[in-house]
Each structure stands twice: as C-alpha cells, then as structure tokens.
Amino acid sequence: MLSVQSGRVDHEALAEVARTLLRSAPADFVADRTARQRALRRDDRELAAAVGALRKPAPAAWVVDLLVHDETHGSALEDAVALGPSLRAAQEHADPHEIATLRKQRTQVVEALAAAGADLAEQAGHVVTSAVLDQVRATIEAGMADPHAGAAIRSGLLVRPLEGVGFDPVDLDDTLAVPDAVPDAWSGSDAPPIPIEDARRSRKGSRASRPAPAREPEPAPQREPKTDPAAERRAARAAEAEARTASREADAALDRAEGELEAAEDRRAELERALADATAEVERLERGRDEAEAASDRARDAFIAARKRRRT
C-alpha cells in the first residue's frame, strides 16, 4: 500500500502514481486520475488529495514521458541526453570538427526520437501535430544542453515542454508533476543537478543570509511605471523560442552546407576520374593516329616504288 510519512505525502509514492497517469492518453487523463483518486481515498486520503491535484500534461510533455517509459526508445533518449556533456566540452575547446560531428549526431538523434514519439502517441490513439513535435524536439535539446533539464526529462514526470537557448540554464518552474521526486544526480554529468525545489530554497536562503548593506538616505520614492509580469514572461519566452529556432536553423544550415561540400567533393573526384579516363583515351587515339599515319606513309612509298618498277 502507498504510504504517507510524518503526516506528509510520500513524494516517491505520489511520483509512482503520477508516472502512470502521465502516460494516459490526453482524452483519458482526467477520468484515470479521478478513478485512481477514488481508489486511494479510503486508505490514504492525503495521497488521494495529492493525486487529485496532479496536472494534465501538455501534449509535448506527454510524448516525452511516453518515450522515457518505452523499453526501446527510453535508452535512446538517455543516450541523447548523454550527448550534452560532449557538446559542452567540444564548445569549450572550440573544436570545429567535433562540434560539427556532434551537432549532426544531435540532429539525427532528436529527429529519430521525435518520429518515435509520434508513433507512440498514435499507438495510444492520439495523433500529435507538427507544432507539438517541434516542442518535443526543443525539450530533448534542452535536456541535452542543461543537466538539470536532463534529470527532469529522465524522471518521466514532465507536465510541460522545455525550452533552452544554447547551454544556458533551462527554466524548470512548473515543469514537473512531483518536483521533490526528481533524482538529485545525473550519472555522467559534469554538473550533477540537485532537486529543483531544494535549489530554489538554497538560493532564497543565500539571499536571506547576506548581511544587509549600510543604508544611505534614500531620495523620495518615485512612482515606477507599472509592469505586466505575465507580458514580460511571454516576451521572454518568445525571445527564447526565437533564439532556439534561430539556433536550430543555423545547425540545419551547417548540416546542409556540410552535405553540399561532401557532394561537391564527390563530384570533383568523379570529374577527376573522368578526366583521367579521357586523357588515357586521347593518348590511345593519338597512338592509333600515329600508327595509321606511319602505315599510310609506308603504303605510299610502296606504291611509288611499284610504279617506278612498272615504268622501267
């Protein structure tokens, strides 16, 4: 039976239930959540209440959760996330060849996982749109860029897609169904993540523990123009999405340029072989011409000699 510890919901128990519910088809999520909540209510009312508060995942987050739990594609997703440290190391060492190779590998892996996610969604009775698949790709790329985001993806508890710009930290607010259940380490990472909520508390505590600076006389307060936090967040998300799109387009342009360069080199090699063959053919024809010319000279000399003999 799922338990409660010290009057609080057991986060691991809640995560176990959440991982199952988050894989429900979008059309079935609410009914499945209600059924599970009712089943738990008699034995564990606190856990039942926590289950009832679980949010329905966004379509892209649902697809990623399906990938995490799939026997075949789960390991491929792990491998994709594991590419992150290699990309960061190549970026730090400014190795253009390695960067290009890893970017090409990243693009191939992300595309394969997005296609696999679309297949899993269709098997579950829900066809996803191209916009959702774009969010799936962005989420996987964010997990490759930020080890904290990678741990969030691997938890199988995503409720909204992720967005990242370069290797900057990814915004993980309201990302997980059960934040306290996120693994606090990621094997193979050079920067092991800590639980998201603990990190927030640590940052708040650090700010609270700083000694207050000496206060100087302050000028009369001036009324600041009102700001719209929601609009600012939307603008920031739009800027991040635009930068992510530009980064993806630049990577795609690099891949195309490399492909065109390889094709041009292949054509040049073919032309060089054709030129060598043509040169050999010209030399053969020239030899044939020289032999024919010599034979013609010999025949003409023989004709002249024969005519002289006839006259004498």
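Here, every reference points to the structure presented above.
Figured I'd write up the structure that's included with this text. Residue numbers run consecutively from 1 along every chain, following the written order of its sequence. Confidence filtering applies because this is a predicted model: local features only for residues at pLDDT of at least 70, side-chain atom pairs given and counted only at 80 or more, and all residues used for totals across whole chains, interfaces and linings. The basis for every side-chain value is the complete set of non-hydrogen atoms in the structure, without hydrogens or water.

### What to know about the overall build of the protein chain
This is how it is decided: Helix numbering and strand numbering both begin at the N terminus, where a helix is a DSSP run of H or I of at least 4 residues and a strand a DSSP run of E of at least 2. We call a residue buried when its accessible area falls under 20% of the maximum for its residue type, exposed when it is over 50%, and partly exposed in between, using a 1.4 Å probe and counting protein chains only. We call two residues in contact when some of their heavy atoms are within 4.5 Å. Per-residue accessibility takes into account occlusion by the displayed protein chains alone, with areas from the Shrake-Rupley method and a 1.4 Å probe.
Across its full length, the protein chain carries ten helices and two strands. Across the protein chain, helices and strands are ordered from the amino to the carboxyl terminus as β-β-α-α-α-α-α-α-α-α-α-α. Residues classed as buried in the protein chain amount to 33% of the 312 residues present. Sequence separation of 24 or more characterises 65% of the internal contacts of the protein chain that already satisfy a separation of 6 or more. In the form shown here, the protein chain has an accessible surface area of approximately 19,700 Å², with 51% of it arising from carbon and sulfur atoms.

### Details of the environment of R289
We apply this condition: Under the rule applied, a polar contact is a pair of N or O atoms within 3.5 Å (in protein, one hydrogen donor and one hydrogen acceptor; residues adjacent in sequence only if both atoms are side-chain atoms).
Topologically, R289 is positioned in helix α10 (residues 229-311). The class for R289 is exposed, based on a relative accessible area of 51%. Here D290 takes part through its side chain, which lies 3.4 Å from a polar atom of the side chain of R289.

### Structural notes on helix α1 (residues 11-21)
Regarding α1, the residues found buried are A13, L14, A15, V17, A18, R19 and L21. Elements in contact with the buried residues of α1: β2 (8-9), α2 (29-41), α3 (45-52) and α4 (59-69). At the N-terminal boundary of α1, the capping side chain belongs to D10, with an oxygen 3.0 Å from the backbone nitrogen of E12.

### Observations concerning the pattern of salt bridges
Selection criterion: Salt bridge, as used here: a side-chain nitrogen of Lys or Arg that lies within 4 Å of a carboxyl oxygen of Asp or Glu.
Tallied over the full model, the rule gives seven salt bridges. Here R289 makes a salt bridge to D290, at a shortest N to O gap of 3.4 Å. Notably, a salt bridge pairs R300 with D297, separated by 2.8 Å at the nearest N-O pair. Residue R300 and its partner D297 are both found in helix α10; the two are separated by three residues, about one turn of the helix. For R300, a relative accessible area of 44% translates into the label partly exposed.

### So, the packing of helix α7 (residues 130-145) against helix α8 (residues 147-154)
Our working rule: Lines fitted to the C-alpha atoms define the axes, with helices restricted to the stretch that makes contact. Angles between their N-to-C directions range from 0 to 180 degrees. Angular relationships are summarised with four words: roughly parallel below 35 degrees, roughly antiparallel beyond 145, roughly perpendicular across 65 to 115, and oblique for the angles in between.
The interhelical angle for the contact between α7 and α8, taken along N-to-C directions, is 125 degrees, at an axis separation of 5 Å. Here α7 is positioned oblique relative to α8, judged by the angle of their axes. Facing T139, I140, A142, G143 and A145 of α7, the residues of α8 in contact are P147, A149, G150 and I153.

### So, the environment of E163
Within the secondary structure, E163 is located in the loop between α8 and α9 (196-209). We classify E163 as partly exposed; its relative accessible area is 26%. For the pair E163 and G143, spaced 20 residues apart in the sequence, the C-alpha separation amounts to 9.0 Å.

### Considering a positive patch on the surface
Formally: The residues that make up patches have over 30% relative accessible area and no salt bridge, and they are joined within 9 Å when like-charged or within 5 Å when they are Val, Leu, Ile, Met, Phe, Trp or Tyr. Charged residues are defined here as Lys and Arg on the positive side and Asp and Glu on the negative side; His and the ends of the chain fall outside this count. Lys charges are placed at NZ, Arg charges at CZ, Asp charges at CG and Glu charges at CD.
A cluster of basic residues, R307, K308, R310 and R311, forms a positive patch at the surface. The topology assignment puts R311 in helix α10. Note on R311: relative accessible area 64%, which makes it exposed.

### Focus on α2
Using the following cut-off: Expected helix span is given by 1.5 Å per residue-to-residue step, counting one fewer step than there are residues. Starting at the helix axis, one direction is taken to each C-beta atom, and the arc is that of these directions.
With 13 residues, α2 should cover 18 Å at 1.5 Å per step; its first-to-last C-alpha distance of 18 Å lies within 8% of that length. Turning to α2, its buried residues number three or more, namely F29, R33, Q37 and L40. All buried residues of α2 project into a common sector of 70 degrees when viewed along the axis, lining one side. Facing away from the buried surface of α2 by more than 90 degrees, the exposed residues are A31, R38 and A39.

### Quick look at the packing of α1 against α3
The line we're drawing: Note: crossing handedness is left-handed where the near helix turns anticlockwise from the far helix by less than a right angle, and right-handed where it turns clockwise.
Contact geometry for α1 and α3: axes closest at 10 Å, N-to-C directions at 40 degrees. Taken as a pair, α1 and α3 cross one another with a handedness that is right-handed. Facing α1, whose interface residues are A13, L14, V17 and L21, α3 presents L47, A50 and V51.

Coordinates in, geometry out; function isn't part of it.
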